[in-house]
Amino acid sequence: MRDVVFARSDAWIPSVIRSDGELRLMLAAGADANHEPRTFTFPISEAHLAVIRADLGRHLLLWSALLPLGDAAGIQGRLDEDAAVALLDPVLLSPPEDVDALFRRIRSDSSRLVAHGADIDLLERGRVCEAMRAATEGADEKRAQEHHANLRRAERGVVLGPLDAGLLRFTGQYVHGATIPRRLPDAVDPALLPQVMRVIATAEQACAGMRIGLDPRRGNRTTDRRDWDRMTAAVDDAVRRAYPELVDDAVRTVSFLMCSEAADRARSAPVEDDEEAAESTKAALSFTDDKGGEKTWVRGGPRGASAEFWAFVADRSASDNEVFTIEDEELGEGIQLHFYADSIARITTVRHQAGADPQYQVEYRLVDGIGGYRKLVRAFVRGGCAALDQHGPWMSDVAEFERARRRRDAR
C-alpha cells in the first residue's frame with residue numbers, strides 16, 4: 001500500500017510517500033533501456049519530511065544531490081540506498097555553511113537548481129543555500145538549457161559579450177549551435193537589436209550576388225559544398241574586419257544564417273538551370289547511368305537539356321552509381337561524367353562503316369567540382385564535342401591522364 005504524503009506542483013520534484021507504514025522519498029532519476037526515467041525510493045524520517053515541506057530550497061538541493069545516484073544505477077541497477085540516506089541529514093538538517101561545503105565536495109545536478117530559479121552567480125561561487133532563496137516550484141527549462149550552453153562554452157574558453165549573445169539569440173543558436181539558424185528579432189533585447197541588425201547588414205552586403213547551388217550528385221536537396229564554403233569565407237572575413245571584438249561563435253552563426261538562407265533559395269528555385277540561356281542545338285539526347293537507368297530528352301519539351309539531365313542525376317545518383325553519360329546517337333558523340341574521380345570523358349565516333357564495329361576517340365579532362373561539371377554539360381548540349389575544345393586541356397593518353405589525376409589528388 002502506497003500513499004502520497006507530500007508532493008509539489010512540479011511532479012518531477014521528489015515526493016514523499018508512505019509505504020507499508022514507512023516514510024520514503026520517491027524520485028525519478030536515471031533511465032531504463034527504453035530511455036524512460038526510473039523510479040527509486042528510500043527511507044526518510046519525520047524530521048526530514050518537516051524540512052522538505054517547509055523549505056523548497058533544501059528540497060531542491062536534496063534532489064540535485066540525489067540525481068547522480070540515479071544515473072549511477074544505470075538501466076537496471078539498484079540505487080545506492082546507503083549513499084542516498086547519508087545525504088539526508090547533511091543537506092536537510094545541517095547549517096547553511098556546512099551545506100555549502102558539502103556541495104563543493106559531491107557531485108550534483110546544478111541544472112535542476114538553475115531551472116528552478118537559483119541565483120547563478122551565487123551558485124557558481126559555491127553559496128548554494130543563499131542561491132536557493134529565489135527558488136520556485138515551477139521550472140524554466142530554457143534558463144537551464146542556456147546555462148548549460150554557457151558552461152560548454154566556458155569549457156572551450158569562450159565568454160560571450162552582449163553583442164555575441166544578441167547574435168546567437170537572433171539566429172536561435174544560443175542554446176544549440178547545430179540548430180538551423182533563422183531570424184528571431186523578438187528574441188533580442190530591443191536596446192541591442194539595432195547593433196545586431198548592423199552586423200547582419202554587413203554580412204548581407206558581403207555575400208550580395210553570391211549563390212549556393214544544388215549538387216545533384218548528392219540528391220535533390222543537397223547544396224554545393226564549395227559554394228557554401230566560399231560564402232562562409234566572404235561573410236566571415238567582412239564581419240571580422242568590421243567587428244573584430246566578436247567571438248568565433250557569433251561570427252559563425254552569422255555566416256551560417258547567410259548560407260542557410262541561400263541554400264533555401266536554391267532548393268525552392270525552379271528546376272530549370274538559370275544559366276542555360278541558349279537553346280540546345282541537339283534534337284534529342286539520351287541520358288544513362290551505371291545501373292541501367294535511361295532517359296531521353298527531346299528538344300521542345302518543358303525543360304532544357306541541362307536541367308533535364310541534372311534532374312536525372314539527382315534522382316539516380318548514389319555511392320554505387322557515379323557514372324553518367326549524355327549521348328547524341330545521331331551524331332555519334334557524347335560525354336561521360338565520372339563523379340567518383342572528378343573527371344569527364346568526351347567520346348566521338350571517328351569511323352563507322354557498315355558491318356564493322358565503330359571506332360571511337362576518347363579524351364579525358366579533370367573537373368573542378370559541380371560547377372565545372374555544369375559548365376561542361378551546358379557546352380556539350382549547346383554545341384556537342386566541338387564546343388568542348390575551348391574547355392581543355394583534353395588528354396587522350398590514359399596513363400598521362402592518371403598521372404594528372406594523382407598529382408591533383410596529392411595536392
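Just so it is clear, the structure is predicted and the values come from calculations on it, not from any experiment.

Trainee: Tell me about the packing of aromatic side chains, and name the residues and values.
Mentor: Counting across every chain of the model gives nine aromatic pairs. Ring plane angle 70° and centroid distance 5.3 Å describe the contact between F287 and F309, whose orientation is recorded as edge-to-face. With F287 in strand β5 (residues 284-289) and F309 in helix α13 (residues 305-316), this residue pair connects regions lying 22 residues apart in the sequence. Judged on exposure class, the residue F287 and its partner F309 are both buried. Relative to F339, the ring of W310 has its centre 6.4 Å away and its plane inclined at 25°; by these criteria the two rings are stacked. Here F339 lies in the loop between β8 (333-338) and β9 (343-351) and W310 lies in helix α13, a separation of 29 residues in the sequence. The same class applies to W310 as to F339, namely buried. Clustering of aromatic rings is evident, with ring pairs tying together F287, F309, W310, F312, F324, F339 and Y373. Between the NZ or CZ atom of R374 and the centre of the ring of W310, over which it lies, the distance is 5.3 Å.

Trainee: I'd like a description of a positive patch on the surface, backed by residues and values.
Mentor: Together, R403, R406, R407 and R411 give the surface a local cluster of positive charge. If you trace the backbone, R403 turns up in helix α15 (residues 398-410). Owing to a relative accessible area of 43%, R403 belongs among the partly exposed residues under this scheme.

Trainee: Lay out the pairing of strand β3 (residues 22-29) with the relevant residues and their values.
Mentor: In terms of burial, β3 is a largely internal element, six of the eight residues being buried. Note: strand β2 (residues 15-19) against β3, five bridges, orientation antiparallel. Directly across from R18, in β3, lies its bridge partner L23. Between β2 and β3, which follow one another and run antiparallel, lie two residues, and D20 among them has a positive phi close to 55°. Two strands pair when backbone bridges link them, and β3 and strand β4 (residues 38-43) are joined in this way by six bridges, in the antiparallel orientation. Note that in β4 the partner of R24 across the bridge is P43.

Trainee: So what about the sheet that holds β2? Which residues, and what values?
Mentor: Taken together, four strands build an open sheet; the order of strands is β1-β2-β3-β4 and the sheet is antiparallel. For this open sheet the edge positions go to β1 (2-6) and β4, each flanked by a neighbour on one side alone. Taking the axes of each pair of neighbouring strands and ignoring which way they run, one obtains an average angle of 35° across the sheet. Here four bridges tie β1 to β2, and the two strands are oriented antiparallel to one another. Counterpart to F6 in the pairing with β2 is V16. Relative to β3, helix α2 (residues 56-72) is tilted by about 65°, and along the sheet it contacts β1, β3 and β4.

Trainee: Please give an account of the confidence of the model for the protein that cites residues and values.
Mentor: Residues of the protein with pLDDT of at least 70 account for 96%, and the chain-wide mean is 92. A low-confidence stretch, residues 273-278 (pLDDT under 50), is modelled with 17 contacts involving residues beyond four sequence positions or located in other chains.

Trainee: So what's going on with helix α1 (residues 46-54)? Residues and values would help.
Mentor: Of the residues making up α1, those classed as buried are H48, L49, V51 and I52. When α1 is viewed along its axis, its buried side chains cluster within an angular range of 165° and face the same direction. Residues of α1 that are buried make contact with β1, β2, β3, α2 and α3 (81-93).

Trainee: Account for the side chain of D249, naming residues and giving values.
Mentor: For D249, the location among the structural elements is in helix α12 (residues 248-268). Accessibility expressed as a relative area gives 12% for D249, which makes it buried. Polar side-chain contacts of D249 include one of 3.0 Å to the side chain of R252. In this view, D249 contacts R153, R156, V158 and L168; residues no more than four positions away in its chain are not counted.

Trainee: Explain the side chain of D224 residue by residue, including any values.
Mentor: On the secondary structure map, D224 appears in the loop between α10 (193-206) and α11 (225-242). Of note is the side chain of D224, whose polar atom sits 3.0 Å from the backbone nitrogen of R226. If sequence neighbours within four positions are ignored, D224 has contacts with I212, G213, L214, D215, I370 and G371.

Calculation rules
- Residues numbered from 1 in each chain as written.
- Predicted model: local features only at pLDDT ≥ 70, side-chain atom pairs only at ≥ 80, totals over all residues.
- Heavy atoms only, no water.
- Phe/Tyr/Trp six-rings, centres within 6.5 Å; stacked < 30°, edge-to-face > 60°.
- Helix = DSSP H or I, 4+ residues; strand = E, 2+ residues; numbered from the N terminus.
- Buried < 20%, exposed > 50% of the residue type's maximum accessible area, 1.4 Å probe, protein only.
- Lys NZ or Arg CZ within 6 Å of the ring centre and 35° of its normal.
- Patch = residues over 30% accessible without salt bridge, like charges linked within 9 Å, V, L, I, M, F, W, Y side chains within 5 Å.
- Areas by Shrake-Rupley, 256 points an atom, 1.4 Å probe, with all protein chains shown as cover.
- Salt bridge = Lys/Arg side-chain N within 4 Å of Asp/Glu carboxyl O.
- Lys, Arg positive; Asp, Glu negative; His and termini not counted.
- Charge placed at Lys NZ, Arg CZ, Asp CG, Glu CD.
- Pairing = 2+ DSSP bridges.
- Axes fitted to C-alpha atoms, helices over the stretch in contact; angles between N-to-C directions.
- Contact = heavy atoms within 4.5 Å.
- pLDDT = per-residue confidence, 0-100.
- Arc of directions from axis to C-beta.
- Polar contact = N/O pair within 3.5 Å; in protein donor to acceptor, adjacent residues only side chain to side chain.

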